[in-house]
Amino acid sequence: MASPIIALLFFFLSPPFTSAATQAAKTFIFRVDGGSMPSIFPTHHHWYTSEFTQESSILHVYHTVFHGFSAVVTPDQADNLRNHPSVLAVFEDRRRELHTTRSPQFLGLENQKGLWSESNYGSDVIIGVLDTGIWPERKSFSDLNLGPIPKRWRGVCQTGTRFSPKNCNRKIVGARFFAKGQQAAVMGGINKTVEFLSPRDADGHGTHTASTAAGRHVFKASMSGYASGIAKGVAPKARLAAYKVCWKDSGCLDSDILAAFDAAVADGVDVISISIGGGDGITSPYYLDPIAIGSYGAAARGIFVSSSAGNEGPNGMSVTNLAPWVTTVGAGTIDRNFPADAILGDGHRLGGVSLYAGAPLNGRMFPVVYPGSAGMSSASLCMENSLDPKHVRGKIVICDRGSSPRVAKGLVVKKAGGVGMILANGASNGEGLVGDAHLIPACAVGSNEGDRIKAYASSHPNPVASIDFRGTITGIKPAPVIASFSGRGPNGLNPEILKPDLIAPGVNILAAWTDAVGPTGLPSDPRRTEFNILSGTSMACPHVSGAAALLKSAHPNWSPAAIRSAMMTTTNLVDNSNRSLTDESTGKSGTPYDFGSGHLNLGRAMDPGLVYDITNDDYITFLCSIGYGAKTIQVITRTPVRCPARRKPSPGNLNYPSITAMFPTSRRGTLSKTVVRTATNVGQPGAVYRARIESPRGVTVTVKPARLVFSVAVKRRSFAVTVTVDTRSVVLGETGAAFGSVTWFDGGRHVVRSPVVVTQLDVL
C-alpha cells in the first residue's frame, strides 16, 4: 500500500492526459526545502525520484549551494509541483551567453615587488573557471616548479572525449563538464562534430579566461606577430579548476551552471570566475537567477565570485550580474593598440584597428564601395548572400557593424570577390573599436570615420582606398578608457547598489587559445594559434578573479566582501595622461555608472587601510529590505530566515563600498537621506582617519563622525553619511544622477574612497 505522502504526490503529478500528451517537455529547476525530506528516504535523490518525478527525467541533483533538482517535465507537471509544500520555487531553464600580455603590468603588478611577491604569485589559491573548458596542453598551464596540489582540494579530473586524468597536473588541479541541461535542450544533443564531450575546450573562450586569470609566464608569446612579448596571467602560480558549462555555438544553460557552482564549492575552490550573463536582455530577480543563487552559496562559504558586467554598453542600465555578493566587472582599454588606417584616394588617412596578419596591400589602391547606399540593410551589414559579385568584385567593401559576427562579414565579402573590408561602427557603438583577426585585409573604424568614408565613396566619381596595417603600438594615451561595449549602470534591480563595481582590462587581451578552432572561431578559419587576442567584459572578469587570488593568498583571512572592498576603494580614477577616465563611445568623462568605483589598481589594493566587510546576515537583511519574504529568501540562502517584524531595514544600509542616495521624483524641496557604513581597520592598529567630502552641485554631503580613531582593541568604526538635496538646484546629468565621493585618509599612504551617487528615481 502506497504511503499517504506518495499517494498525494501521485495526484499532484497526474495532470489531465490531453494536456500532458500535447505539451512539449522542457527543463525546469526545482528549489526544494531540503529540511522537509521525510526520514524514510536515505538521500534527497531517493526522495526526488520517489515523490517528485521519475528517475529518467532528472538531470542534476543539487546539494551544496542549492537544494533541489533539474528535470525534464511538461509545463503542467511543473505547475503541479509548484504547489507541493516542500517546493520553494520553480523556474524554467534559460540559456546564457559568454561575455565575449601587458595587462598585469597595467594593473600595477611588477616582478619581485608588491602584491606579486607578497602573495607568492597566488600560489595554492584555487580559481574555479565556469566557461567553455580548457585546452590543457598550452604552455600557460605548465606545472613546472609548482608545489604539490593543496591537500584541501577535493575535486576530480573527469574523463571524456580526448580528456583523461593525465591532462590535469599541479596547475590544472581539476576539470569537469556539465552537459545534461544542454543535451536535453538541443535537438539531437551536443554536436560531437564540433564539440568534445569532456572538459576539453572546443570554443577557446574558457582557455582564454583561465590563462588571463592564472596563466604561467610564456616567453615569445604573440598572436600571429601581434602583441609579442611575455604572456602571463594575473596570478601565475594560482591553481586552476575548469568547469565546462558552455558549449560551442550553444551557449550555457542555467541547470548546468548551477550544477557547476554546486561542484566547485564542494571541490574546494577559493575563487570562482564566471564570464557569463543573461542572453535575452532580461534581468531576473535574485531568487530566479541561478548565477545569483549559486554565487550566494559560494560567497556564504567564503568563496570570492567575480562576474562580467555584460557587453550591452554604452546603453544605460545594461549592466548584468547585479547581486551584491558578486563582484561585477566592466571593461577598459590598456595602453596597447593594433592600428590600421584606411587611406582614401583624396589623401585622407582615417585611423582604425585590425589584427589581420596575412599579405599586406602595400599601399595599392582599390575601388571602394558601400553596398548600403542603395538602401538595402542586409547588404549594408554584409550579411550572408547579400552582396552582388558584380558590384563588389575586386573592391574594398564598406560593411556596417551589427547583426552578424564582425569577421564573418569579411568572409561574405571574400565570397563575393571583394579584396578587403572596412568595418564601420554605427552610432550605437560610437568610436569604440575592437581588433579582430580578419581572414581578408580589413580594419574597423569608428562611427565618425565610417561616415566620412561612406560620404567619400558616394560623392567621388572614382573612389579608391587602401588599408595600412601598422602592427602593435604600446604606450597609448589615454589609457585606460571605458570600453564602449562595457555594461553600464544604473542597477536595474536595486539602484541602491552601484553596479558595475569597477572596471579592469578587457580590450585586446592576449591569452592562451584552443587548438580546435582558428582565432576567429569560424569553421572556415584554418589557422591555429597558441594565443589569441579578444575583447569583452569576459576578459575583464578574470583579471579581477586573478587579483582576488593574489589578495586571498596575501590575506587568507579576508572575506570575499573585504577583498572586493580593497579593490573598489583603491581604484584609479585617472588615466595615464592624469585626466579623468573617459568613455570610449562619447569621448567625454565617464561616471560611476560607467566605471563603478574606478579602474582596478592591485598595487594599492594589497594595503587598503580600511575595508567594508559584509556578513551573510547583512545580505539577508538586505534581501528583507527589498521586500523579499522569508520563503523567497530561503530560495537563495538554503536556510530558513526571519525578517525584522517591526522596522523594515533600508537597502542603502548594506555595508557596500559605494553609496547611492535615491530620492523619489514626486517630492520637491529639500530632502535628506542617511546611510550607515562600518569600516574595519586592516592597517596599523593606532590609525586615525579623517573624512574628505566631494559633494555634487546642489547637494550637501556630511559625515558623522568626521574622524575615525582605531586602536588594538577597536578595529571597527561606524559612521553616518547624510545626503541633503535641494531638488530646485541639484544638477542631474544626462544619466539622471549626480556624483560625488566620501574619502577617508590617514595622512599617509591610505586613501579609502567611496563614490556617492545621488539620483531621483521611483523604485517599483
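Since the structure is predicted, the reported quantities are computational estimates derived from the model, not experimental observations.

Reading the values: the criteria
- Residues numbered from 1 in each chain as written.
- Predicted model: local features only at pLDDT ≥ 70, side-chain atom pairs only at ≥ 80, totals over all residues.
- Heavy atoms only, no water.
- Helix = DSSP H or I, 4+ residues; strand = E, 2+ residues; numbered from the N terminus.
- Rg over C-alpha atoms; globule rule 2.2 N^0.38 Å.
- Buried < 20%, exposed > 50% of the residue type's maximum accessible area, 1.4 Å probe, protein only.
- Areas by Shrake-Rupley, 256 points an atom, 1.4 Å probe, with all protein chains shown as cover.
- Lys, Arg positive; Asp, Glu negative; His and termini not counted.
- Charge placed at Lys NZ, Arg CZ, Asp CG, Glu CD.
- Axes fitted to C-alpha atoms, helices over the stretch in contact; angles between N-to-C directions.
- Parallel < 35°, antiparallel > 145°, perpendicular 65-115°, else oblique.
- Contact = heavy atoms within 4.5 Å.
- Nonpolar A, V, L, I, M, F, W, Y, C, P; charged D, E, K, R; others polar.
- Pairing = 2+ DSSP bridges.
- Left-handed = near helix turned anticlockwise from the far one by under 90°.
- UniProt positions renumbered as here; feature names shortened; annotations may be inferred.
- Core = buried A, V, L, I, M, F, W, Y, C linked by side-chain atoms within 4.5 Å.
- Polar contact = N/O pair within 3.5 Å; in protein donor to acceptor, adjacent residues only side chain to side chain.
- Disulfide = S-S within 2.5 Å.
- 1 Å grid on protein atoms, 1.4 Å probe; cavity = no way out; pocket = protein on both sides within 12 Å on 5 of 7 lines; lining within 4 Å.
- Points joined across faces, edges and corners; volume = space filled by probe spheres on them.

Caption draft 1: Highlighting the overall build of the chain. In terms of helices and strands, the chain carries 20 helices and 37 strands. Scaling as 2.2 N^0.38, a compact globule of 764 residues should have a C-alpha radius of gyration of about 27 Å, and the chain matches this with 27 Å. With the C-alpha coordinates of the chain rotated into their principal frame, the extents come out at 85 × 70 × 60 Å. Classification of the 764 residues of the chain by burial places 59% in the buried group. Taken as a whole, the chain presents about 29200 Å² of accessible surface, with 52% of it coming from carbon and sulfur. In the chain, which carries 74 positive and 55 negative side-chain charges, the distance between the mean positions of the two groups comes to 5 Å.

Caption draft 2: Just the packing of helix H9 (residues 254-267) against helix H10 (residues 290-299), in detail. Orientation of H9 relative to H10, taken along the N-to-C sense of each, is 5°, at an axis distance of 9 Å. It follows that H9 is roughly parallel to H10 by the angle criterion. Contact residues: Asp254, Ile257, Leu258, Phe261 and Val265 in H9; Pro290, Ile291, Gly294, Ser295 and Ala298 in H10. Taken together, the residues of the contact of H9 with H10 break down into seven nonpolar, two polar and one charged.

Caption draft 3: Summary view of the sheet that holds strand E33 (residues 699-704). If you trace the four strands from one edge of the open sheet to the other, you get E29-E31-E35-E33, paired in antiparallel fashion. The open sheet has two edge strands with one neighbour each: strand E29 (610-611) and E33. In this structure, E33 lies alongside strand E35 (residues 716-726), joined through six bridges in antiparallel fashion. Opposite Lys704, over in E35, you have Ala720 as the bridge partner.

Caption draft 4: How the structure looks around the packing of helix H19 (residues 616-625) against helix H20 (residues 630-637). For the pair H19 and H20, the least separation of the axes is 10 Å and the interaxial angle reads 140°. In terms of orientation, H19 and H20 fall into the oblique class. Crossing of H19 over H20 shows right-handed handedness. From H19, Ile620, Leu623 and Cys624 reach across to H20, where they touch Ile633, Ile636 and Thr637.

Caption draft 5: Quick look at the sheet that holds strand E37 (residues 751-760). Taken in spatial order, the five strands make up an open sheet running E30-E37-E36-E32-E34, and their pairing is mixed. The two strands at the open ends of the sheet, each matched to only one other strand, are strand E30 (659-663) and strand E34 (707-709). Neighbour to neighbour, the strand axes of the sheet diverge by 20° on average, direction disregarded. By the bridge criterion, three bridges tie strand E32 (residues 688-694) to E34 in an arrangement that is antiparallel. Counted as the bridge partner of Val688 is Val709 from E34.

Caption draft 6: Representation of the UniProt feature "domain: Subtilisin-like protease fibronectin type-III" (unreviewed entry) in the chain. Mapped onto the present numbering, the UniProt feature "domain: Subtilisin-like protease fibronectin type-III" (unreviewed entry) falls at residues 653-758. Across residues 653-758, helical content stands at 0% and strand content at 58%; the span's end C-alpha atoms are separated by 15 Å.

Caption draft 7: Structural context of the nonpolar core. With 58 residues, the main nonpolar core has Tyr243, Ile272, Tyr286 and Trp325 as its most contacted residues. Tallying contributions element by element places H9 first for this core, with eight residues.

Caption draft 8: Local environment of the UniProt feature "domain: Inhibitor I9" (unreviewed entry) in the chain. UniProt marks residues 36-99 with the feature "domain: Inhibitor I9" (unreviewed entry), using the numbering shown here. With 27% helix and 33% strand, the stretch residues 36-99 has end C-alpha atoms that lie 38 Å from each other.

Caption draft 9: Structural view of the pairing of E37. The buried fraction of E37 amounts to eight of the ten residues, a majority that puts the element mostly inside the structure. Sheet topology note: the strand E36 (residues 737-745)/E37 ladder contains nine bridges and is antiparallel. Considered in E37, the bridge of Ala738 is made with Val758. The turn linking E36 back onto E37 is made up of five residues, and Gly747 within it adopts a positive phi angle of 80°.

Caption draft 10: Representation of the side chain of Asp400 within the structure. Assignment of secondary structure puts Asp400 in strand E21 (residues 396-400). For Asp400, the side chain forms a polar contact with the side chain of Tyr370, separated by 2.6 Å. Here Lys454 takes part through its side chain, which lies 2.7 Å from a polar atom of the side chain of Asp400. When residues no more than four places from it in sequence are discounted, the contact partners of Asp400 are Tyr370, Ser380, Leu381, Lys409, Leu423, Ala424 and Lys454.

Caption draft 11: Geometry of the state of the cysteines. A full pass over the atoms with the stated rule returns four disulfides. The disulfide partner of Cys246 is Cys252, and the S-S distance across this bridge is 2.1 Å. Around the S-S axis, the bridge from Cys246 to Cys252 shows a dihedral of about 100° and counts as right-handed. Taking the relative accessible area as the measure of exposure, Cys246 reaches 1% and is therefore buried. Classification of Cys252 as buried rests on a relative accessible area of 0%. Covalent S-S linkage joins Cys382 and Cys399, the inter-sulfur distance amounting to 2.0 Å. Its S-S torsion of about -85° marks the bond between Cys382 and Cys399 as left-handed, since a negative value means left-handed. Placement of the pair is Cys382 in the loop between helix H11 (377-380) and helix H12 (389-392) and Cys399 in strand E21, with a sequence separation of 17 residues. As far as burial versus exposure is concerned, Cys382 and Cys399 are alike and both buried. Ordering the disulfide-forming cysteines of the chain by sequence position, one finds them joined as 1-2, 3-4, 5-6, 7-8.

Caption draft 12: Highlighting the pairing of strand E23 (residues 442-445). Here E23 shows two buried faces, one formed by Ala442 and Ala444 and the other by Cys443 and Val445. In the sheet, strand E19 (residues 349-353) pairs with E23 via two bridges, with the strands oriented antiparallel. If you follow Val353 over to E23, its bridge partner there is Ala444. Note: strand E22 (residues 420-424) against E23, four bridges, orientation parallel. Residue pairing in the sheet places Met421 in a bridge with Ala442 of E23.

Caption draft 13: Here's a closer look at empty space enclosed by the protein. When its volume is computed, the second largest cavity comes out at roughly 40 Å³. Contributing to the lining of the second largest cavity are Val129, Asp131, Thr132, Gly133, Ile134, Gly206, Ala210, Ala241, Ala242 and Tyr243. No other element matches strand E10 (residues 239-244), which puts three residues into the lining of the second largest cavity. Looking at the lining of the second largest cavity residue by residue, the class counts come to six nonpolar, three polar and one charged.

Caption draft 14: The arrangement of the environment of Thr53 in detail. Relative to the elements of secondary structure, Thr53 occurs in the loop between helix H3 (44-52) and strand E2 (58-62). Given the relative accessible area of 11%, Thr53 is considered buried. Sequence-wise, Thr53 and Met37 are 16 residues apart; in three dimensions their C-alpha atoms are separated by 15 Å.

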